[in-house]
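# Chains, contacts and geometry: an overview
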Amino acid sequence: MDTISNQPMYQRVLLKLSGEALQGDNLFGIDAAKLNKISQEIATVVKLGVQVALVVGGGNLIRGADLCVTGLDRVTADQMGMLATVINGLALLDAFERRGISTSIMSSISIPGLTEFYDRRKAKQNLQEGKVVIFVAGTGNPLVTTDSAAALRGIEIDADIVIKATKVDGVFAADPVKNPKAQRYEKLSYDDVIEQRLGVMDLNAILLCRDHDLPLRVFNMNKQGALQRIVVGEDVGTLIQSGE
């Protein structure tokens with residue numbers, strides 16, 4: 001069995017989790033076993049001394065874009081989606097606290113009694129104190145994805161890298177589910193992603209990362225130990241950065 005190094009390459013990371021990551025094999029909701037596994041993987045990284053911030057989506061509960069098909073107003077639908085991310089954030093908060101990890105949850109919309117209102121300086125202070133910081137409610141604006149929120153928060157907190165958790169082993173030339181022989185890229189530039197329309201994140205998120213020279217790594221969160229391998233510098237998934 002390979003031994004994973006315990007010397008982190010990054011001091012501060014921003015992990016983007018989709019809401020679907022919490023639903024496990026279910027079609028809806030939060031799976032307790034999946035939540036426990038994710039919190040364990042992140043706790044392992046925290047114990048290495050890495051400062052961890054999270055942006056979580058809400059697609060396991062509500063997708064604003066899907067609700068619009070039923071005739072619901074898009075802005076209202078997106079606001080409902082923001083609240084779904086708050087539910088997921090509270091679930092993660094509880095999972096971390098049960099592991100004895102000090103955690104802060106910050107929302108882009110004011111929800112007194114449940115979350116702190118997002119404050120960049122307070123978020124950075126919390127990270128420096130060793131707390132996991134969970135960002136919820138996206139950017140607080142409709143029509144903006146949580147991918148863009150992840151890029152924005154990563155820039156604001158001076159993260160060393162944005163790490164996007166997916167269900168596949170990185171970025172592929174084609175859908176690996178439909179084409180098992182599809183090529184996996186080990187490294188890409190942001191311009192490659194844009195020109196080839198690889199669909200890693202939405203365009204605004206890609207441009208934010210590119211323009212602020214913020215690296216992005218895409219990996220499979222379902223692989224045990226993968227997150228730890230990334231933070232200690234192993235070549236897991238696909239690395240995307242400027243000028244490659």
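First, a word on what this report is: a plain description of the structure on this page. Please read all numbers here as calculations on a predicted model, not as lab measurements. (Residues numbered from 1 in each chain as written. Predicted model: local features only at pLDDT ≥ 70, side-chain atom pairs only at ≥ 80, totals over all residues. Heavy atoms only, no water.)

Counting 42 residues, the largest nonpolar core has Leu15, Leu17, Ile42, Leu54, Leu92, Ile134 and Phe219 as its most contacted members. Those elements giving two or more residues to this core turn out to be strand 1 (12-17), helix 1 (32-46), strand 2 (51-56), helix 3 (74-98), strand 5 (132-136), strand 6 (161-166) and helix 8 (226-231). Residue contacts for isoleucine 134: discarding those within four places in its chain leaves Leu54, Val56, Gly89, Leu92, Leu93, Phe96, Thr103, Ser104, Ile105 and Met106. Core analysis: the next-biggest nonpolar cluster, separate from the first, contains 30 residues, Phe135, Val171, Leu188 and Leu214 among them. (Core = buried A, V, L, I, M, F, W, Y, C linked by side-chain atoms within 4.5 Å. Buried < 20%, exposed > 50% of the residue type's maximum accessible area, 1.4 Å probe, protein only. Helix = DSSP H or I, 4+ residues; strand = E, 2+ residues; numbered from the N terminus. Contact = heavy atoms within 4.5 Å.)

Before going further, it helps to examine the layout of surface pockets. Computed from the structure, the largest pocket encloses a volume of approximately 610 Å³. Along its surface, the largest pocket is lined by 31 residues, and Gly58, Gly59, Arg63, Thr145 and Thr146 are the ones closest to its centre. In terms of residue count, helix 3 provides more of the lining of the largest pocket than any other element does, five residues in total. The residue inventory of the lining of the largest pocket, partitioned by class, reads eight nonpolar, 14 polar and nine charged. (1 Å grid on protein atoms, 1.4 Å probe; cavity = no way out; pocket = protein on both sides within 12 Å on 5 of 7 lines; lining within 4 Å. Points joined across faces, edges and corners; volume = space filled by probe spheres on them. Nonpolar A, V, L, I, M, F, W, Y, C, P; charged D, E, K, R; others polar.)

Within the span of helix 7 (residues 203-211), buried status applies to Ala205, Ile206 and Cys209. The buried side chains of helix 7 occupy one side of the element, clustering within an arc of 100 degrees when seen end-on. Residues of helix 7 that are exposed and angled more than 90 degrees away from the buried face: Leu203 and Asp211. Packed against the buried residues of helix 7 are helix 5 (146-156), helix 6 (190-195) and strand 10 (216-220). Of the residues flanking the start of helix 7, the one acting as N-cap is aspartate 202, its side-chain oxygen 3.0 Å from the backbone nitrogen of asparagine 204. Of the residues one or two after helix 7, aspartate 213 is the one with positive phi, at around 50 degrees. (Arc of directions from axis to C-beta. Polar contact = N/O pair within 3.5 Å; in protein donor to acceptor, adjacent residues only side chain to side chain.)

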